[in-house]
Each structure stands twice: as C-alpha cells, then as structure tokens.
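Examining the three-dimensional arrangement
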Amino acid sequence: MLTNEYSYLRCDHCGEIYDKNQIHSFCLKDNQPLIAYYNLHNHFSKNDLQDRSATMWRYHELLPIEKEENRISLGEGFTPLLALSKLESTYNQSRLLLKDESGNPTGSFKARGISMAVSKAKEHGITAMCIPTAGNAGSALSAYCAKAGIKAHIFMPKETPKTFQLDCEIMGANVTKVKGNIADAARMMRSQNDGSWFDVSTLQEPFRLEGKKTMGYEIAEQLQWKLPDVILYPTGGGTGLIGIWKAFFEMKALQWINHIPTRMVAVQGDGCNPVVTSFHNEMDHVQKYENPAPTIANGLRVPKPFGDRLIMKTLYESNGTAISISDHEIREGMQEFAKSEGLFISPEGSAVWAAYKKLKQTHWIKDNESVVLLNTGSVYKYTENLYS
Ligand SMILES: *Cc1c(COP(=O)(O)O)cnc(C)c1O
Ligand SMILES: [Zn+2]
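An unreviewed UniProt entry lists the protein under the name Threonine synthase, from Aquimarina atlantica. What the UniProt record of the protein gives under Sequence similarities (unreviewed entry) is the line "Belongs to the threonine synthase family." The heading Catalytic activity (unreviewed entry) in the UniProt record of the protein holds the text "O-phospho-L-homoserine + H2O = L-threonine + phosphate".

It is the contact of helix α3 (residues 136-148) with helix α4 (residues 162-170), at a shortest axis distance of 8 Å, that shows an interaxial angle of 15 degrees. Classified by the angle between their axes, α3 and α4 sit roughly parallel to one another. The crossing of α3 and α4 is left-handed. Residue-level inspection shows Asn136, Gly138, Ser139 and Ser142 of α3 in contact with α4, the latter providing Phe164, Asp167 and Cys168. Each residue belonging to the contact of α3 with α4 can be placed in one class, and the counts come to 2 nonpolar, 4 polar and 1 charged.

Moving on, we get to the coordination of the zinc ion (ligand 2). Surrounding the zinc ion (ligand 2) are the protein donor atoms Cys11 (SG), Cys14 (SG), Cys27 (SG), Asp30 (OD) and Asp30 (OD), which sit 2.3 to 2.6 Å from the metal. A residue is classified by how much of its surface remains accessible, and cysteine 14, at 38% relative accessible area, is partly exposed.

As a further point, take the side chain of glutamine 93. Of note, glutamine 93 is situated in the loop between α1 (85-90) and β5 (95-100). Polar contacts involving the side chain of glutamine 93 include one to the side chain of tyrosine 356, which spans 2.7 Å. A polar contact of 2.7 Å, which involves the side chain of glutamine 93, links it to the backbone oxygen of glutamate 369. Sequence-distant contacts of glutamine 93, defined by excluding residues within four places in its chain, comprise Glu88, Tyr356, Lys360, Ile365, Lys366, Asp367, Glu369 and Val371.

This part covers the site of ligand 1. Taken together, 17 residues surround ligand 1, and among them Lys110, Tyr233, Gly236, Gly238 and Thr376 come closest. Interatomic distance of 2.8 Å between a backbone N/O atom of glycine 236 and an oxygen atom of ligand 1. One nitrogen or oxygen atom from the main chain of threonine 239 is found 3.1 Å from an oxygen atom belonging to ligand 1. Its free accessible area being 380 Å², ligand 1 has 95% of it covered by the protein chains. Elements supplying a minimum of two residues to the shell around ligand 1: β10 (230-234) and α8 (239-253). The class makeup of the residues in the shell around ligand 1 is 4 nonpolar, 10 polar and 3 charged.

Moving on, we get to the pairing of β5. With 5 of 6 residues buried, β5 is to be regarded as a mostly interior element. Looking at chain direction, β5 and strand β13 (residues 370-375) are connected through 6 bridges and run parallel. If you follow lysine 99 over to β13, its bridge partner there is leucine 374.

Spatially, 4 strands are ordered β8-β7-β6-β9 in an open sheet, and the strand pairing comes out parallel. Unpaired on one side and paired on the other, β8 (174-178) and β9 (198-199) mark the two borders of the sheet. Here 5 bridges tie strand β7 (residues 151-157) to β8, and the two strands are oriented parallel to one another. Note that in β8 the partner of proline 157 across the bridge is valine 178. Along the sheet, helix α5 (residues 182-192) contacts β6 (128-132), β7, β8 and β9; its crossing angle with β7, the most-contacted strand, is approximately 140 degrees.

Let us now look at the packing of helix α2 (residues 110-123) against α3. One can describe the packing of α2 onto α3 by two numbers: an axis separation of 9 Å at closest approach and a directional angle of 40 degrees. Between α2 and α3, the crossing angle belongs to the class labelled oblique. Relative to α3, α2 is oriented so that their crossing is right-handed. Between α2 and α3, the residues in contact are Lys110, Ala111, Ile114, Ser115 and Val118 and Asn136, Ala137, Ala140, Leu141, Tyr144, Cys145 and Ala148, respectively.

What counts and what doesn't
- Residues numbered from 1 in each chain as written.
- Chains lettered and ligands numbered in written order.
- Predicted model: local features only at pLDDT ≥ 70, side-chain atom pairs only at ≥ 80, totals over all residues.
- Heavy atoms only, no water.
- UniProt positions renumbered as here; feature names shortened; annotations may be inferred.
- Axes fitted to C-alpha atoms, helices over the stretch in contact; angles between N-to-C directions.
- Helix = DSSP H or I, 4+ residues; strand = E, 2+ residues; numbered from the N terminus.
- Parallel < 35°, antiparallel > 145°, perpendicular 65-115°, else oblique.
- Left-handed = near helix turned anticlockwise from the far one by under 90°.
- Contact = heavy atoms within 4.5 Å.
- Nonpolar A, V, L, I, M, F, W, Y, C, P; charged D, E, K, R; others polar.
- Donors = N, O, S within 2.8 Å, 3.2 Å for Na, K, Ca; no water.
- Buried < 20%, exposed > 50% of the residue type's maximum accessible area, 1.4 Å probe, protein only.
- Polar contact = N/O pair within 3.5 Å; in protein donor to acceptor, adjacent residues only side chain to side chain.
- Near = heavy atom within 4 Å.
- Areas by Shrake-Rupley, 256 points an atom, 1.4 Å probe, with all protein chains shown as cover.
- Pairing = 2+ DSSP bridges.

This is the structure in structure tokens:
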C-alpha cells in the first residue's frame, strides 16, 4: 500500500458524496463532474519531496492511486519551468516563465491526466476504455492503455492531423474517424458503446483532473512555493485550469503555501470561444458555441465543456479573465516566440503567448508581476496545420 490520503469523491454542485471503492463517472443527480477529496493534514511535508523521482508521482500522497503496482507510468510530469529571458526584457516583464509540457510522453500534458485515469481503471479492473479526442488525448490513451493491457477505442474528427491516427493505431487502439467536431465524435462514440467501454471524456470521470492538477504542485515547487501572479492556460475542456486551482487550495490546506495570489486566465480561439463569451456575460456556466470554426489550435475547439461551472468558478474566484485569439495571431506569435527563445511552441501555447501580449498592452498584467505561460504540447505532430 502507498501512503495515500485519498478519501472520497464529491459533486461540487450538489454536494453528493460517492464511495471511492466503486467505479463512478460523474454525478448522477445533476450530471456534474466528481471531485476527489483527500485528508489534508500536515503529516507529510514538502521536504519529503526532495529525493523523489522527477515525475508527477512524486506527489503520490495527494493522488488517488492506492497500490503502487497499478501505477501506469511512462515518465510523465516534472516538466521544466523555463525562464523566457529575452521576451522578459523585450516586454519589460519582471518574470516570464514557460511551463513546457511538450516533453511529456506522447507529446502533451494529456499524458498526466490519462496516466492517472488508466492507473485508476486498472485499479478498478476495467478492461476497455474510450475517448473522443482532438488528437493528443487519443495518443495518450492509446499509449497508457497499451502499457496497462487495456483496449482503447478512439474517436476523432476526420480532419485531425494524420499523425495522431497513426500514433493511436500503432499502439493497438481502435480508431474511428468522424465527420464534424469533437462533440460529433463524442456522439458517435456513445452510440457505439454498449456499456462495456469506460468513457474517459474530459471531466466525465474524476481522475484525469487529478493528473492534471500536478502541474499546480510543480509550478509551486519550481518557484520555491511562491505562486506566480498570473497563469495563462489554453482552455478546451478546462481540466488543467481547474486542476491547477484545485492544487493550490490543497497546498494551502497542507500549509505548504500560505497565500494564493494567482489570477487564472482562460485562453481560447476566436472560432470557438464559449468560455470567453460566458465569462464576459458573467454566467455561472458556459453557453454552447454553435458551429465552431476549424482552427490550427485543435485542442481548443470544444463547443461545450462538461466542467463548465468549475471553469467559470475558477476564473471568478481567482479574479482572472478570459480572452480569445485569432489563428493569425497564433501564427505570428509562434514565429516571434521561436525567433526569440528558440522554442517552436504548439498553436495552443502560442495562443497563450498572444493572450499575454494583449493583456500586457491593456495593463491587466503589470510590469512587476510574475507570469507563467503554459505550452501544453509539442507542435511536431501537427505541423501539417501550419503549411500554406
Ligand atoms: C487538450 C489540449 C488543450 C486543452 O486542455 P483542457 O485541459 O482540455 O482545457 C490545450 N492544449 C493542448 C495541446 C491540448 O492537447
Ligand atoms: Zn451532483
């Protein structure tokens, strides 16, 4: 047994508690996400982390996997927090950092969440899983399921860059290409699932969030437990945004930090920005975006995130904001970033960079603040989006 403080699942919306020893997807009373809760006391301290492996599993007390043998790991997490020294000086920013997730297994931060979900599925004896994906989640599920000996069923929009399909198939997954966007892929998946596949759609199972929250722990640890003033996050389903915010509150309860100054920013694309619109309309949930336009930032094209209330809550609680970016700005930002820092970042990461510049220009971000940008994945699987 691992020392582990995982205690129960709870619906954040209606408060219903769910037994951690049974398999759950989401709250059956109101169709809202379930959140993992822990006994957060300070029996273990941040000093215990010192000699641990450079993966997300270094925080295992705060993760839901009970037996080490169920851990399905390909070395995910503990990615670098890079100092963007040249851009810092160009934009007169006292601290500008990039949490670079591109080196994760299968090339994106989806590895964190999927590693956790597949580990928990193994712990529960699940033998088949399914997911609708814009690409990266499918690659990750295929890889972790291969390692776990679980069958993976992947549903992706037809226009998904083709390396993703190859990636999934080479790892033994069953891939279905669907006409339309990720919501259409999800619909097709549900129509083919006879109930024997465990559905790991974003926030429709509780554990991808637990994997993604480790970015919050890492950012804190890499900044010597002093949180940044602003974090910009490229938001599709919002798991990372919600997860980082959850991690900060857990660390506060553990007394690892005593203050949460961070304002969280959701960044979306102009062609599908339901979070941005709903935020500016001061709504507590997200209005579905009709007819999302194709974009080079595939990961951001989510017309109606399932965890919408948690996304909105995170933005309001943190005094954050939401902003959207055009494909043109993404392309321009990508070149500037590459020429200046020597990093060819993903379109999603570049959207975050463009958002930083806009928020700096309007003084929503001040010169003396510390800012963390997220580059959520590697660009190299979808460079085909960038030719023309
Ligand atoms: C999935 C994905 C996103 C969006 O992440 P969410 O946590 O679902 O909001 C952003 N960038 C990349 C590269 C992705 O693959
Ligand atoms: Zn509920």
